[in-house]
Amino acid sequence: MHDLWSKWAPPMERSKLIGFTLAGTQIGNIVTLPLSAVLCDYGFGNGWGSVFYVFGAMGIVWCIAWMVVISDSPAIHPRISSAEREYIEASIGTKNRHLSFAETPWLQFAKSLPVWAIVVGHASSNWVIYMLLTTMPAYMKEVLRFDIKSNGLFSAVPYVFFWVFINIGGISADALRKKGWRTTTIRKVLFGFASSSGVLLIALGYIGCENSYAAVSVLSFATGLCGLQFPSVLVNHVDIAPPFAAVLLGLSNIAACIPGFVAPYVVKTLTPNSSQSEWQVVFCISAAVFFVGAIFYGIFADGEVQDWAKSYMVSQPELALRDVCEEFERTTITWSVT
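First, a word on scope: everything that follows refers to the structure included in this document.

Turning our attention to the environment of Leu35. Position of Leu35 among the secondary structure elements: in helix 3 (residues 24-42). Distance in space between the C-alpha atoms of Leu35 and Phe55 is 10.0 Å, their sequence separation being 20 residues.

If you want it as structure tokens, here you go:
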């Protein structure tokens, strides 16, 4: 996905476009959690079986649509207008060289503190996200005392906030960049706000089942704030090294997937009795992990193309960007009138 956006996203629209794309994951959570609860109760295949069949079929349909619609770059897209293609290529200004595995600067990755900032930030934020995704249904059942259908519905609510915050953050980031804010500053500030979800998680641990709706509200805002990692650390790969954005995402995602199996194990170990006090420890640990990652990211992150990446980028043929933009706008207006 990052490789595609490095070729498709104009720099000043990068945060909102990548954020909006990745926010689609949350639409999946919003649909999957309550629908799975309904299918478990009323579906075929003894309930659980229908969950796999239904979502597997949806994945096949999506895959077919992807293969039909998507192209690697504007230059080879069969349906894009020439005005839009020139606008995108002129905005980006460079294109990435085709590189072999041996040409990838692995040593530069290892020596780059901004790369490590992304890895640490991505992993720390994913600790909280995976902890919430994999264990919140259990928390709602054991501490908040929701039944299975209510559990599925209320488990989906936080991901509505997640989706909203991702897109608000992306739009805000690009708006601030157009006003002259440094990309580095924006990425760090947004990730700092994302880590503040830890404060809400700590507070959540002290809300009992007698205030279950208040707990869901706090949980929803905490999850929403986590969404600000998308227009910050998850866009940062394209900022610092566009030719290697996909490779860097793969590397940071290796570290970021580790919490996916470690966090549930830690939660299970720390909550043998499923008591509220045990969950308080879980939330405090998760907040601490996020805070440490945010501090590291705040010190070492960067929002500019790194010197070692520039040699792998070649200039596009020079275009008069203002003229191209005006032509694109005129064409859009003509289409609208037509």
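Now that the structure has been shown, the text picks up again.
It is the contact of helix 7 (residues 113-142) with helix 13 (residues 245-270), at a shortest axis distance of 7 Å, that shows an interaxial angle of 35°. The chirality of how helix 7 crosses helix 13 is right-handed. Tallied by class, residues from the contact of helix 7 with helix 13 come to 18 nonpolar, seven polar and no charged.

There is a patch of nonpolar side chains on the surface, built from Ile60, Trp62, Ile64, Trp66, Met67, Val68, Val69 and Ile70 and spanning about 820 Å² of accessible area. With respect to the element layout, Trp66 can be found in helix 4 (residues 48-69).

All right, on to helix 10 (residues 197-204) then. Within helix 10 the residues assigned to the buried category are Ser197, Gly198, Leu201 and Leu204. End-on, the buried residues of helix 10 take up no more than an arc of 110°, which puts them together on one face. Contacts from the buried residues of helix 10 go to helix 7, helix 9 (183-195), helix 11 (212-226) and helix 14 (276-300).

The tally for this structure, following the rule as stated, stands at 12 aromatic pairs. Judged by centre distance (5.6 Å) and plane angle (85°), the ring pair of Phe162 and Phe230 falls under edge-to-face. Residue Phe162 is located in helix 8 (residues 148-178), and its partner Phe230 is located in the loop between helix 11 and helix 12 (236-240); the two are separated by 68 residues in the primary sequence. Take Phe162 and Phe230: they sit in the same class, and that class is buried. Taken together, a centroid distance of 4.9 Å and an interplanar angle of 55° make the contact between Phe191 and Tyr297 tilted. Of the two residues, Phe191 sits in helix 9 while Tyr297 sits in helix 14, which places them 106 residues apart along the sequence. As far as the burial class goes, Phe191 and Tyr297 line up, both buried. One aromatic cluster in this structure is built from Trp106, Phe109, Phe244 and Trp308.

Counting residues in each nonpolar core, the largest one holds 56 residues, and the members touching the most others are Met131, Tyr139 and Phe283. Contributions of two or more residues to this core are made by helix 7, helix 8, helix 9, helix 10, helix 11, helix 13, helix 14 and helix 15 (307-310). In terms of residue count, the dominant contributor to this core is helix 7 (13 residues). If we ignore the near neighbours within four places in the chain, the residues touching Phe283 are Met131, Met136, Tyr139, Leu201, Ile202, Leu204 and Gly205.

Rules behind the numbers
Residue numbers run consecutively from 1 along every chain, following the written order of its sequence. Whole-chain, interface and lining totals are the exception, using all residues; otherwise, since this is a predicted model, local features are given only for residues with pLDDT of at least 70 and side-chain atom pairs are given and counted only at 80 or more. Hydrogens and waters are ignored; side-chain quantities use all the structure's heavy atoms. Secondary structure follows DSSP: runs of H or I at least 4 residues long count as helices, runs of E at least 2 residues long count as strands, and numbering of each begins at the N terminus. Orientation is described by axes fitted as lines to C-alpha atoms, over the contacting stretch for helices, and by angles from 0 to 180 degrees between their N-to-C directions. When the near helix sits turned anticlockwise from the far one by under a right angle, the crossing is termed left-handed; a clockwise turn instead gives a right-handed crossing. Nonpolar residues are Ala, Val, Leu, Ile, Met, Phe, Trp, Tyr, Cys and Pro. Charged residues are Asp, Glu, Lys and Arg, and all others, Gly as well, are polar. Two distance rules govern patches: like charges are joined within 9 Å, and nonpolar side chains (Val, Leu, Ile, Met, Phe, Trp, Tyr) within 5 Å, applied only to residues with over 30% relative accessible area and no salt bridge. The Shrake-Rupley method, run with a 1.4 Å probe sphere, supplies the accessible areas, and residue values consider only the shown protein chains as cover. Any Lys or Arg side-chain nitrogen located within 4 Å of an Asp or Glu carboxyl oxygen qualifies as a salt bridge. Relative accessibility under 20% of the residue-type maximum defines a buried residue, over 50% an exposed one, and the middle range a partly exposed one, all with a 1.4 Å probe and only protein chains included. Directions from the helix axis toward the C-beta atoms define the arc. We call two residues contacting when some pair of their heavy atoms lies within 4.5 Å. Paired rings are identified among Phe, Tyr and Trp, the last through its six-membered ring, by centres lying within 6.5 Å, and are further divided according to the angle between planes into stacked (under 30 degrees), edge-to-face (over 60) and tilted (the rest). What is meant by a nonpolar core is a set of buried Ala, Val, Leu, Ile, Met, Phe, Trp, Tyr and Cys residues, joined one to another through side-chain atoms within 4.5 Å.

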